[in-house]
Every structure is written in C-alpha cells, then in structure tokens.
Amino acid sequence: MASAKNNSNSKTNKQGSKPRSKSSITSKKANQQTYVNEDNTVSFADLFHAFSKTKAFRFIVIILAIAAVFCIDLLVSMNSYDLFFTILGFEIITVALVWVVRIALGSSKSSKNLPTSGPEGTNNVS
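Residues numbered from 1 in each chain as written. Predicted model: local features only at pLDDT ≥ 70, side-chain atom pairs only at ≥ 80, totals over all residues. Heavy atoms only, no water.

Caption draft 1: Focus on the layout of surface pockets. Taken as a whole, the largest pocket holds about 570 Å³ of empty space. Around the largest pocket, the lining is made up of 16 residues, and of these I62, A65, I66, V95 and A96 lie nearest the centre. For the lining of the largest pocket, the elements supplying multiple residues, two or more each, are α4 (56-77) and α5 (81-112). A per-class count over the lining of the largest pocket returns twelve nonpolar, one polar and three charged. (1 Å grid on protein atoms, 1.4 Å probe; cavity = no way out; pocket = protein on both sides within 12 Å on 5 of 7 lines; lining within 4 Å. Points joined across faces, edges and corners; volume = space filled by probe spheres on them. Helix = DSSP H or I, 4+ residues; strand = E, 2+ residues; numbered from the N terminus. Nonpolar A, V, L, I, M, F, W, Y, C, P; charged D, E, K, R; others polar.)

Have a look at this one:
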C-alpha cells in the first residue's frame, strides 16, 4: 500500500523520463478554451457547439435546407403548380450539375495522390 502511494506521487513515468514542470502543465490548461460560463450553466451556444460535432448535424442541416427551399418555392409560385414544378425542376437540375462537378473535381484530386506504378506497370508493394 505504501509503495502504491509512493508511485502515485512520483512525477516520472516507467521509462524514467524527466518530470514535467508545473509551468508547462498550467500553461496548457490556460490555452484550452472552455465553453462553460463562470456559474457552470450550459447555454444554447454550448449545446449547439457540441451538437455541431456529431454525425447527425450534417444530415439535419441538409434536411432543413431542403425544407426551406421547398417552402420558398411554394411561396414564390403562389399555388400555381406549373410554376412550382418548373422552379423545382430547375433547382434539382442545378443541384445535380453541381454535385457531378464536385465529384469530378474530387476524383481528379484523389487520383493525383495515388502511388505511381513500377517499371513493369504494376504497383510496387513491399
């Protein structure tokens, strides 16, 4: 029990490296940003920041953007179905073209990062 207490108080790790100074530890803590207010309450901004780091955030933002565009199309068309579907058709074609261009540009960038083949035309894998 006494040896466990002695090990917990030592500042070196098992390899015997130099102990860390307290100034470096406190400077690292001072550089870290905290998102909690002084009175330890969590605000909406704190929750939104935490939610923006999740995988569901992008999906929900895309769904909300599609719903907003759909509602704006309804307002612009003023219950004229022909105008609504014409506007919606142009928007879908535009989004599809932008998506194809992004895929084409993304694949050309990723093909530049591929390893080169060897002199026999095969990849050199070791």
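Once you've had a look at it, read on.
Caption draft 2: View of a nonpolar patch on the surface. A cluster of nonpolar side chains, contributed by F44, F48, F51, F59, I60, I63 and L64, occupies part of the molecular surface with about 740 Å² of accessible area. Elements represented by at least two residues in the nonpolar patch include exactly α3 (44-51) and α4. In terms of residue count, α4 provides more of the nonpolar patch than any other element does, four residues in total. Tracing the chain through its elements places F59 in helix α4. (Patch = residues over 30% accessible without salt bridge, like charges linked within 9 Å, V, L, I, M, F, W, Y side chains within 5 Å. Areas by Shrake-Rupley, 256 points an atom, 1.4 Å probe, with all protein chains shown as cover. Salt bridge = Lys/Arg side-chain N within 4 Å of Asp/Glu carboxyl O.)

Caption draft 3: Representation of the packing of aromatic side chains in the model. Across all of its chains, the model carries five aromatic pairs by this definition. Ring geometry for F44 against F48: centres 6.3 Å apart, planes inclined by 25°, an arrangement best described as stacked. Of this pair, F44 and F48 both sit in helix α3, four residues apart, which is roughly one turn of that helix. For F44, a relative accessible area of 67% puts it in the exposed group. On the basis of relative accessibility, which here comes to 42%, the residue F48 falls in the partly exposed class. (Phe/Tyr/Trp six-rings, centres within 6.5 Å; stacked < 30°, edge-to-face > 60°. Buried < 20%, exposed > 50% of the residue type's maximum accessible area, 1.4 Å probe, protein only.)

Caption draft 4: Seen up close, unusual backbone geometry. Even without glycine at this site, M78 takes up a positive phi of about 50°. By the element assignment, M78 lies in the loop between α4 and α5. Judged by relative accessible area, which is 69%, M78 ranks as exposed. We note that N79 has phi near 65°; this positive angle belongs to a residue other than glycine.

Caption draft 5: Here's a closer look at the side chain of D73. Considering the arrangement of structural elements, one finds D73 in helix α4. Of the side chains with opposite charge, R102 comes closest to the buried, unpaired D73, at an N-O distance of 19 Å. (Lys, Arg positive; Asp, Glu negative; His and termini not counted.)

Caption draft 6: Structural view of α5. Under the 1.5 Å per step criterion, the end-to-end length of α5 is 47 Å for 32 residues, consistent within 8% with the ideal 46 Å. The inward-facing, buried residues of α5 contact α4. (Expected span 1.5 Å × (residues − 1). Contact = heavy atoms within 4.5 Å.)

Caption draft 7: Region of the structure containing the packing of α4 against α5. At a closest axis distance of 9 Å, the pairing of α4 and α5 adopts a crossing angle of 140°. The orientation of α4 relative to α5 falls into the category oblique. In terms of crossing hand, the pair formed by α4 and α5 is right-handed. Taken together, the residues of α5 that come into contact with α4 (itself represented by V69, F70, D73, L74, V76 and S77) are L83, F84, I87, L88 and E91. Broken down by class, the residue content of the contact of α4 with α5 amounts to eight nonpolar, one polar and two charged. (Axes fitted to C-alpha atoms, helices over the stretch in contact; angles between N-to-C directions. Parallel < 35°, antiparallel > 145°, perpendicular 65-115°, else oblique. Left-handed = near helix turned anticlockwise from the far one by under 90°.)

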